[in-house]
Amino acid sequence: EEIEKGGFDHFMLKEIHEQPKAISDTYRGRLSRDKAIIKMAGVEDNMKKFLNANRIIIVACGTSWHAGLVAEYIFEDLARIPVEVEYASEFRYRNPVIREDDVLIAISQSGETADTLAAIKLAKSKGAFVFGVCNVVGSSIARETDAGAYTHAGPEIGVASTKAFTTQITVLTLMALRLARAKGTINSSDFHRHLLELEMIPKKVEEALKSDAHIRIIADIYKDAPNCLYLGRGYNFPVALEGALKLKEISYIHAEGYPAAEMKHGPIALIDENMPIVVIATKKGHYEKVVSNIQEIKSRKGKIIGIVTEGDTQVRELADHIIEVPETLESLSPLLNTIPLQLLSYHIAVMLGKNVDQPRNLAKSVTVE
Ligand code: G6P
């Protein structure tokens, strides 16, 4: 097992550090910047289904559901296809309206999650076209779906999902870009810029990983907090949810993710000098609005950990701590902003002496209801 960990203390840390390679493995062979094309067999073969889709329904559980939420932003923003994202467990039991011109995308690292598999079977029985985004080759979901695209993340051993999440987002981004191009909802210069930026993501993830020692210091300060809030807007709202989930899963600290603007409808009541609040405040997107959310937190004495773009000055002045990530397009920012959140929860859990790779009560793959 020590050899499998490749010199890292835990599988989770190894997998966090594998993300630059996992992301490039996922887009390699599918993206050609020279030719300005994206090719994904499962999408090409079923282009008509996607182009005629009334809407896309995404079903998943856990971290994969968060990747689905990010995909909702990307598909609607770039490809202008209406998207609904549902927990597979709710979808399968609520008598949902499913039509033949619906496309269902099921996202699953393991490809074995019982609720996701059941949601697929239900959608198929109603005549919808079902597309799978899985990591494990030949898994039940990969076999049960009409077509699909694998994330090439390699085996993920840590129960808390890391590289599966970022590679799922990579696949879904490629799909959205491919469909946007086919539909003409993105012009060629924007398309090209996305390809260029996507190719730079692995290097930028490496940059983001260099904050590790700095994040360890922040982890040490907040490791005994009983609660933690995560805030983000737009593309980074699901990243806030994922950050909170990571902390819960492995450190057992109660954490909640919220859209930053919703703070005033509840979570703001929790804020005092003992509450750490991780705010995703990278440039582009809703930066100024997030800055004003940060001011609201500061006036209530909350402890602010800002995830910011390199060179940021405004949040630096307000926050107790900042963690910098490289600049990228807003649509690709979840791929970078997730990294410090993974590291923060990892270090807190290690400092608290928790079993990082196999947290209590959780399973890597939930094959029963
Ligand atoms: C379990 C795992 C999570 C995972 C979820 C969905 O809860 O602990 O890490 O996100 O299942 O799993 P899947 O394999 O379908 O992505």
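None of the values given here were measured: they were computed from a predicted structure.

Thresholds, definitions, all that
- Residues numbered from 1 in each chain as written.
- Predicted model: local features only at pLDDT ≥ 70, side-chain atom pairs only at ≥ 80, totals over all residues.
- Near = placed C-beta within 6 Å.
- Nonpolar A, V, L, I, M, F, W, Y, C, P; charged D, E, K, R; others polar.
- Helix = DSSP H or I, 4+ residues; strand = E, 2+ residues; numbered from the N terminus.
- Expected span 1.5 Å × (residues − 1).
- Buried ≥ 20, exposed ≤ 12 C-beta atoms within 10 Å, placed from the backbone.
- Arc of directions from axis to C-beta.
- Pairing = 2+ DSSP bridges.
- Axes fitted to C-alpha atoms, helices over the stretch in contact; angles between N-to-C directions.
- Contact = placed C-beta atoms within 7 Å.
- Right-handed = clockwise from strand over helix to strand, strands pointing away.

Caption draft 1: View of the site of the ligand. Around the ligand lies a shell of 16 residues, among which Gly62, Thr63, Ser108, Ser110 and Thr113 are the nearest. Of the residues belonging to the shell around the ligand, the class tally is five nonpolar, 10 polar and one charged.

Caption draft 2: Layout of helix 13 (residues 287–298). Taking 1.5 Å per residue as the helical rise, helix 13 with its 12 residues ought to reach 16 Å, and the 16 Å between its terminal C-alpha atoms agrees with that figure. Turning to helix 13, its buried residues are Val290, Asn293, Ile294 and Ile297. Down the axis, helix 13 shows its buried residues gathered within 100° of arc, on one side only. Along helix 13, the residues that are exposed and aim more than 90 degrees away from the buried face are Glu288, Ser292 and Gln295.

Caption draft 3: Broad picture of the sheet that holds strand 10 (residues 276–280). With parallel pairing, the five strands of this open sheet are ordered in space as 9-8-10-11-12. Sheet topology places strand 9 (254–259) and strand 12 (321–325) at the edges, where each strand pairs with a single neighbour. Averaged over neighbouring strand pairs, the angle between their axes works out to 20° when direction is ignored. In terms of strand pairing, strand 8 (residues 227–232) meets strand 9 through six bridges, oriented parallel. When the bridges of strand 9 are listed, Gly232 appears paired with Pro259. Along the sheet, helix 12 (residues 237–251) contacts strand 8, strand 9 and strand 10; its crossing angle with strand 9, the most-contacted strand, is approximately 180°.

Caption draft 4: Spatial organisation of the pairing of strand 8. Counted residue by residue, strand 8 has five buried out of six residues, so it is predominantly covered. Running through helix 12, the crossover from strand 8 to the neighbouring parallel element strand 9 is right-handed. Note that strand 8 and strand 10 share three bridges and pair parallel. From the neighbouring strand, Tyr230 faces strand 10, where its bridge partner is Val278.

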